[in-house]
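Observations on the model geometry
Each chain, letter by letter, is given below.
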Amino acid sequence: MGKVLVIGAGGVSSAAVTKMAMNADIFTEITLASRRKFKCDDIAANIKTRTGVEIATAEVDAMDVPAVVALIRQTGATLLVNLALPYQDLVLMDACLEAGINYLDTANYEPEDVAKFEYHWQWAYQDKFKQAGLTAILGSGFDPGVTSVFATWLRKHKLDTIRQIDILDCNGGDNGKVFATNFNPEINIREVTAEARHWENNDWVTSPAMTHKVPFDFPVVGKKNMYLMYHEELESLKTHFPEIQRARFWMTFGDAYINHVRVLEGIGMTSIKPVMHDGVEIIPLQFLKSVLPDPSELGELTKGKTCIGDIATGMKDGVEKTFYIYNICDHEECYAEVGSQAVSYTTGVPAMIGAAMVLKGEWAEAGVWNMEQLNPDPFMEMLNTQGLPWEVHELDAPVDF
Ligand code: NDP
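Residues numbered from 1 in each chain as written. Predicted model: local features only at pLDDT ≥ 70, side-chain atom pairs only at ≥ 80, totals over all residues. Heavy atoms only, no water.

1. Details of the site of the ligand
Of all residues adjacent to the ligand, which total 28 residues, the nearest are Arg35, Arg36, Ala62, Thr106 and Asn184. A distance of 3.5 Å is found between a nitrogen atom of the ligand and a side-chain nitrogen or oxygen belonging to glutamine 88. Backbone polar atom of proline 144 to a nitrogen atom of the ligand: 3.2 Å apart, as the coordinates give it. Out of a free accessible area of 930 Å², the ligand has 93% covered by protein chains. Grouping the amino acids of the shell around the ligand by side-chain chemistry returns 14 nonpolar, 9 polar and 5 charged. (Near = heavy atom within 4 Å. Polar contact = N/O pair within 3.5 Å; in protein donor to acceptor, adjacent residues only side chain to side chain. Areas by Shrake-Rupley, 256 points an atom, 1.4 Å probe, with all protein chains shown as cover. Nonpolar A, V, L, I, M, F, W, Y, C, P; charged D, E, K, R; others polar.)

2. Some words on the side chain of glutamate 110
Topologically, glutamate 110 is positioned in the loop between strand E5 (102-105) and helix H5 (120-123). Within the local environment of glutamate 110, its side chain forms a polar contact with the side chain of arginine 190, the two groups lying 2.7 Å apart. Excluding its chain neighbours within four sequence positions, the residues that come into contact with glutamate 110 are Pro86, Tyr87, Ala115, Lys116, Phe117, Ile187 and Arg190. (Helix = DSSP H or I, 4+ residues; strand = E, 2+ residues; numbered from the N terminus. Contact = heavy atoms within 4.5 Å.)

3. Thoughts on the domain arrangement of the chain
Interface extent is often summarised as the accessible area lost during association of the parts. Domain assignment breaks the chain into domain 1 (2-138) and domain 2 (146-341 + 389-395). In this assembly, 27 residues from domain 1 lie in contact with 23 residues from domain 2. Buried area between domain 1 and domain 2, both sides added, is near 1800 Å², and the carbon and sulfur share of it is 50%. The interface formed by domain 1 and domain 2 includes 3 salt bridges. Linking arginine 190 and glutamate 110 is a salt bridge whose minimum nitrogen-to-oxygen distance equals 2.7 Å. Seen at the junction of domain 1 and domain 2, the total is 11 residue pairs in polar contact (both at pLDDT 80 or more). The dominant element in the side of domain 1 that touches domain 2, judged by the number of residues it contributes, is helix H1 (residues 11-21), at 5 residues. Looking at the side of domain 1 that touches domain 2, its residues break down into 12 nonpolar, 7 polar and 8 charged. (Domains from an automatic or database assignment. Buried area = accessible area lost by both parts, 1.4 Å probe. Salt bridge = Lys/Arg side-chain N within 4 Å of Asp/Glu carboxyl O.)

4. Some remarks on the nonpolar core
A general trend in soluble globular proteins is that nonpolar side chains are found buried together. Grouped together as the largest cluster of nonpolar side chains are 88 residues, with contacts concentrated most on Met20, Phe27, Val81, Phe379 and Leu383. Broken down by element, the residue count for this core peaks at 11 residues, all from helix H13 (residues 342-359). No fewer than three residues from each of domain 1 (2-138) and domain 2 (146-341 + 389-395) sit in this core. Ignoring sequence-local partners within four residues, the contact set of phenylalanine 27 consists of Gly2, Val4, Met20, Met352, Ala355, Ala356 and Leu359. The next biggest cluster of nonpolar side chains, apart from the first, holds 30 residues, and it includes Ile7, Leu80, Ala99 and Ala136. (Core = buried A, V, L, I, M, F, W, Y, C linked by side-chain atoms within 4.5 Å. Buried < 20%, exposed > 50% of the residue type's maximum accessible area, 1.4 Å probe, protein only.)

5. Quick notes on the environment of threonine 347
Relative to the elements of secondary structure, threonine 347 occurs in helix H13. Taking C-alpha positions, threonine 347 is 18 Å from valine 192, a pair spaced 155 residues apart along the chain. Excluding anything up to four places from it in sequence, threonine 347 contacts Val12, Thr106, Ser140, Gly141 and Phe142. Separated by 2.9 Å, the side chain of threonine 347 and the backbone oxygen of valine 343 make a polar contact.

What follows is the structure, encoded as C-alpha cells:
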C-alpha cells in the first residue's frame, strides 16, 4: 500500500518496524535510518530472521534537513515515521514539508535545554501541512496515542460528553535491574522529575514531582502505587474536548525507582544544565543515560504485565456514566513475538497502526492532528488484531481518588 521511512533505531523503533514487516501488505517497502547504521542493521537482521522480510537501512542525522530530504526522495517514501527523539520533531516536519510527504511521531517536540512538553511548536505547523495537502499525526504511541484514541472512542460510542478523565499507566513488570528505565532514560527522567500538573476547573493545578501517591488495584496486575504526573496528552485532550473539567495522568513506580530518582535528582545527576567536567562541557542527565541500561536490551529480562487505560466519567442520554477502558500486555509474550519488552511494544505497535491508518487512507485529512481528533474505529479494530486487545467496563461510580 505504501513505502515508509522510519527514523530512529531504538527500542520503540525495533518493535514498530518488526510489526510493519509483519504487515507487508500495508508496508510494501520499509527503510530504517538512524544516526548509527549498525543499529538499523541489527534490527533488519532480527526482522529477516523472524519474518523473512528484507528492509533497507541507512545512516542519517535527523537534524540535517537536506540529508533527510535526499533520503526521502531516494526511498520514494510517502510517510516518515519519527521514532528518534522529541528534539528532532520540528526538523523532521520541515523535511517532510520540503519533500512533500506525510509525518507521524510518538512524542511532542521538546527543546533540548528545557523540558517543556508543550504542543504549540508543532501545532504552529497546521497551516503549512494544510496548504501542502499533507497529514501530520502527533503522538501515535500508547500514551499519548492509544489513550487518546480510547477517549475519542468512549466519546463516540459510550458517552455524549466527558466531564473527567484519568489516564492510568501501570507497568507491573520487573527487569531485575537495580535501576533502569523502560524507554529512553533521558526522556523518561525528564518526564518524571518535571513538576506534576493536571487540568481542573479551567486551570492547571501544579504539585511537586513524585509526591501525590495513590494505591490502585489494576486489572490482572493487582495493587500498585501510582503517582500524579504531567503528561503531554493532557494539553491536547483538554483542548480538543473543551467540556473536560478534570484531566489527570498517573504512572506506577516502585519504591526503589522513586528512591533512585530522588537521590539522582538530589545530587544533580538529572539536571539538563551543562556543567564543566575536566575542561569538557557535559549535561549530567546525558552522562547518566550513558551509564544506565539500554532499554532496547531489557526485553529478554523483563517479566510481568502492563495495564494502560482511561477511566472517563460523563453523560449519556442524560445519565452520568463511568467507563474503564484498558489494554493488558505481557512483557514475555512481546519478547517472544518481536524481541522487545512491553513498553517498547505498546509504543511501537500503535506507531505502526497510526502509520497504517495514513497509508490506507483512513486518516488522510491534510493538517496536523492529535490522535483524539481522528476517527478511532479503524485504529481500535487494528489494536485488537495487532497484539493490543482492549476491554471496556462500566464502573459503578466515578473514581474517588
Ligand atoms: P531510544 O533512545 O531507544 O531510540 C532513539 C533512537 O533515535 C536511537 O536509535 C538514536 O540513535 C536515534 N537518534 C537520536 N538522535 C538522532 C538523530 N539526530 N538522528 C538520527 N537518529 C537519532 O528511544 P526509545 O526507542 O525509547 O523512544 C523513541 C521515542 O518514543 C522517543 O521520542 C520517546 O519519547 C517516544 N516514546 C513514546 C511513548 C508513547 O507512549 N507515546 C512511550 C515511550 C517512548 P542512537 O542509537 O545512535 O542513539
